[in-house]
Protein chains: 2
Amino acid sequence: MPFARHLILAMLGGALCATAAIAHENENPAVEARHSQMHLHAFNLGILGRMAQGQAEYDAELAQVAADNLAVIAGTDWHAYFPEGTAVGEVEDTRALPAIWTNMADFEAKQQALADAAKAMAGVAGTDLASVQGAMGAVGETCSACHKAYRQPD
Amino acid sequence: MPFARHLILAMLGGALCATAAIAHENENPAVEARHSQMHLHAFNLGILGRMAQGQAEYDAELAQVAADNLAVIAGTDWHAYFPEGTAVGEVEDTRALPAIWTNMADFEAKQQALADAAKAMAGVAGTDLASVQGAMGAVGETCSACHKAYRQPD
């Protein structure tokens, strides 16, 4: 029965994937997923930011890869990472404000703004350093706008 | 000076993004990035796996979103998450075997196999439960193949 065999292998594979991923097991899975989303934003944006600031030499290929990653990852669907009942005070290890769920359309618009700014960055990141610097402001503004509205201050 | 203003805002935004993301500050940033990558695989694959196993009701829209996310995220460029010098024994909190760096072409091929299988899943996930179940085996096999070759057993 190929289906049964495949399903067993799939579950095995899924379990292995899940095991690989769970470095911090006590965290709510959705919270962990959105932290992962933010980590991947930060890691890729950091590559571009260090170049823009002159802390790292401009590398067209690396800049393009980081910008492509950021654009693609920012443009994914985050809904499942922000289920109801996972605001600050409802689960551990989150700073997500309840306002996210009462202003979901605006939250989504702010996510879309990041995705759009990241896409614009990806359109020019491999050109030259000035292009990265020029596109960086809009990306940073979208980060700030969403965090200011929807993330509890430290 | 619009450029200076934008750069300052960008750095502010970048810093905010980075602050948001760093929940576990002692981890190597590249290790954290690849853990984040695996977490997002596992979270989205988990949605599909629970439906495939009958632990959750099939939801065409949710299945499609999860499969699209998995396909897009798996298809990003992971190179910067696996820099030289970050194998098990070289940095904390990783099970990445040194074989990754001595067999990089094969490691990349195994990543591509996951991306291809996830893309095939995304092509059918919104159709019906049987389609999800049918596509799951190939995804799980690519997880297992890479973990078997390149991840230290528990």
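Treat the numbers as computed from the prediction; the structure is a model and nothing was measured.

Conventions used here
Within any chain, residue numbers begin from 1 and follow the written order of that chain's sequence. Throughout, the order in which chains and ligands are written sets their labels, letters from A for the former and numbers from 1 for the latter. Selection of residues for local features in this predicted model requires a pLDDT of at least 70, selection of side-chain atom pairs for listing and counting requires 80 or more, and totals for whole chains, interfaces and linings are taken over all residues. As a convention, hydrogens and water are excluded, and side-chain values are obtained from all of the structure's heavy atoms. Numbering of helices and strands runs from the N terminus; a helix is a DSSP stretch of H or I covering at least four residues, while a strand is a stretch of E covering at least two. The cut-offs for exposure are 20% and 50% of the maximum accessible area for each residue type, with area from a 1.4 Å probe on protein chains only; residues under the lower value are buried, those over the upper are exposed, and the others partly exposed. Two residues qualify as a contact provided that any one of their heavy atoms is within 4.5 Å of a heavy atom in the partner residue. Where accessible areas are quoted, they stem from the Shrake-Rupley method and a 1.4 Å probe; at the residue level, only the protein chains shown are allowed to cover. Here the axes come from fitting lines to C-alpha atoms, over the contacting stretch only for helices, and the angles between their N-to-C directions go from 0 to 180 degrees. Angle categories: roughly parallel below 35 degrees, roughly antiparallel above 145, roughly perpendicular from 65 to 115, and oblique for all the rest. Should the near helix be turned anticlockwise from the far one by less than a right angle, the crossing is left-handed, and should it be turned clockwise, the crossing is right-handed. Amino acid classes used here: Ala, Val, Leu, Ile, Met, Phe, Trp, Tyr, Cys and Pro are nonpolar; Asp, Glu, Lys and Arg are charged; the rest, including Gly, are polar. For the charge count, each Lys or Arg is scored as positive and each Asp or Glu as negative, with His and the chain ends excluded. By definition, a salt bridge exists where a carboxyl oxygen of Asp or Glu is found within 4 Å of a side-chain nitrogen of Lys or Arg. Here a polar contact is taken to be a pair of N or O atoms separated by no more than 3.5 Å, where protein atoms must pair a possible hydrogen donor with a possible acceptor and residues adjacent in sequence count only if both atoms sit in side chains. Disulfide: a pair of cysteine sulfur atoms within 2.5 Å of each other. Every residue is assigned a pLDDT by the predictor, reflecting its confidence on a scale from 0 to 100.

Any chance you could explain the overall build of chain A here in plain terms?
Of regular secondary structure, chain A possesses six helices and zero strands. Mapped in sequence order, the helices and strands of chain A form the string α-α-α-α-α-α. By the burial criterion, 47% of the 154 residues in chain A qualify as buried. Long-range contacts, defined here as pairs at least 24 residues apart, represent 71% of the contacts in chain A between residues at least 6 apart. For chain A, the exposed area adds up to about 7000 Å²; of that, 57% sits on carbon and sulfur atoms.

Help me understand the packing of helix α2 (residues 29-53) of chain A against helix α3 (residues 60-74) of chain A, please; the structure alone is not making it clear to me.
Residue and element names in this part refer to chain A. Across the interface, α2 lies against α3 with an axial gap of 9 Å and an inter-helix angle of 150°. Taken together, the axis directions place α2 and α3 in an arrangement best described as roughly antiparallel. The handedness of the crossing between α2 and α3 is left-handed. For the pair α2 and α3, contact is made by Q37, L40, H41, N44, L45, I47, L48 and M51 and by L62, A63, A66, A67, N69, L70, I73 and A74, respectively. Of the residues in the contact of α2 with α3, the class split is twelve nonpolar, four polar and no charged.

Would you explain the side chain of R34 of chain B in this entry?
Residues and elements named next belong to chain B. You can see R34 is positioned in helix α2 (residues 29-53). The buried charged residue R34 lacks any salt bridge, with E90 as its nearest oppositely charged partner at 7.5 Å. One polar contact links the side chain of R34 to the main-chain carbonyl oxygen of Y81, over a distance of 3.1 Å. Apart from residues no more than four positions distant in its own chain, R34 is found in contact with Y81, F82, P83, T86, T94, A96 and W101.

Is there a simple way to explain the state of the cysteines in this structure?
What we call a disulfide is simply a covalent bond connecting the sulfur atoms of a pair of cysteines. Across all of its chains, the model carries zero disulfides over all chains by this definition. For the unlinked cysteine C146 of chain A, the closest cysteine sulfur is that of C143 of chain A, found at 8.8 Å.

It is not clear to me how the confidence of the model for chain A should be interpreted in this structure. Could you clarify?
In regions of low pLDDT, the predicted coordinates are not meant to be interpreted in detail. All names here are of chain A. Residues at a pLDDT of 70 or more form 83% of chain A, whose mean pLDDT is 89. Per-residue pLDDT stays below 50 along residues 1-23; that stretch engages in 40 contacts with residues further than four places along the chain or on separate chains. Two numbers describe this predicted complex: its pTM, 0.87, and its ipTM, 0.86.

Please clarify how the packing of α2 of chain B against helix α6 (residues 129-150) of chain B should be interpreted in this entry.
The description of two packed helices rests on the angle between their axes and on the distance between the axes. Residue and element names in this part refer to chain B. The interhelical angle for the contact between α2 and α6, taken along N-to-C directions, is 145°, at an axis separation of 10 Å. Considering only the axes of α2 and α6, their crossing is left-handed. Only L129, V132, Q133, M136, V139, C143 and H147 of α6 make contact with α2, whose side of the interface consists of M38, L45, L48, G49, M51 and A52. Across the contact of α2 with α6, the residue classes break down as ten nonpolar, three polar and no charged.

Can you help me understand the environment of A87 of chain A in this one?
Residues and elements named next belong to chain A. Tracing the chain through its elements places A87 in the loop between α3 and α4 (99-102). Between the C-alpha atoms of A87 and I100, which are 13 residues apart in sequence, the distance is 8.3 Å. In contact with A87, not counting residues within four places along its chain, are T94, A96, L97, P98 and W101.

Even after reading the chapter, I still don't get the pattern of salt bridges, so can you show me in this structure?
Two side chains bearing opposite charge may form a pair once their charged atoms approach each other closely. A complete count under the given rule lists four salt bridges over all chains for this structure. D154 of chain A is the partner of R95 of chain A in a salt bridge, and the nearest nitrogen-oxygen pair spans 3.5 Å. Within this pair, whereas R95 of chain A is found in the loop between α3 and α4, its partner D154 of chain A is found in the segment after α6 (129-150), the two being separated by 59 residues in sequence. Under the relative-accessibility criterion, R95 of chain A is labelled partly exposed at 22%. Residue D154 of chain A is classed as exposed on the basis of its relative accessible area, which comes to 81%. Here K110 of chain B ties to D106 of chain B by a salt bridge, and the two come within 2.9 Å at their closest N and O atoms. Residue K110 of chain B and its partner D106 of chain B are located together in helix α5 (residues 104-124), separated by four residues, close to a single helical turn.

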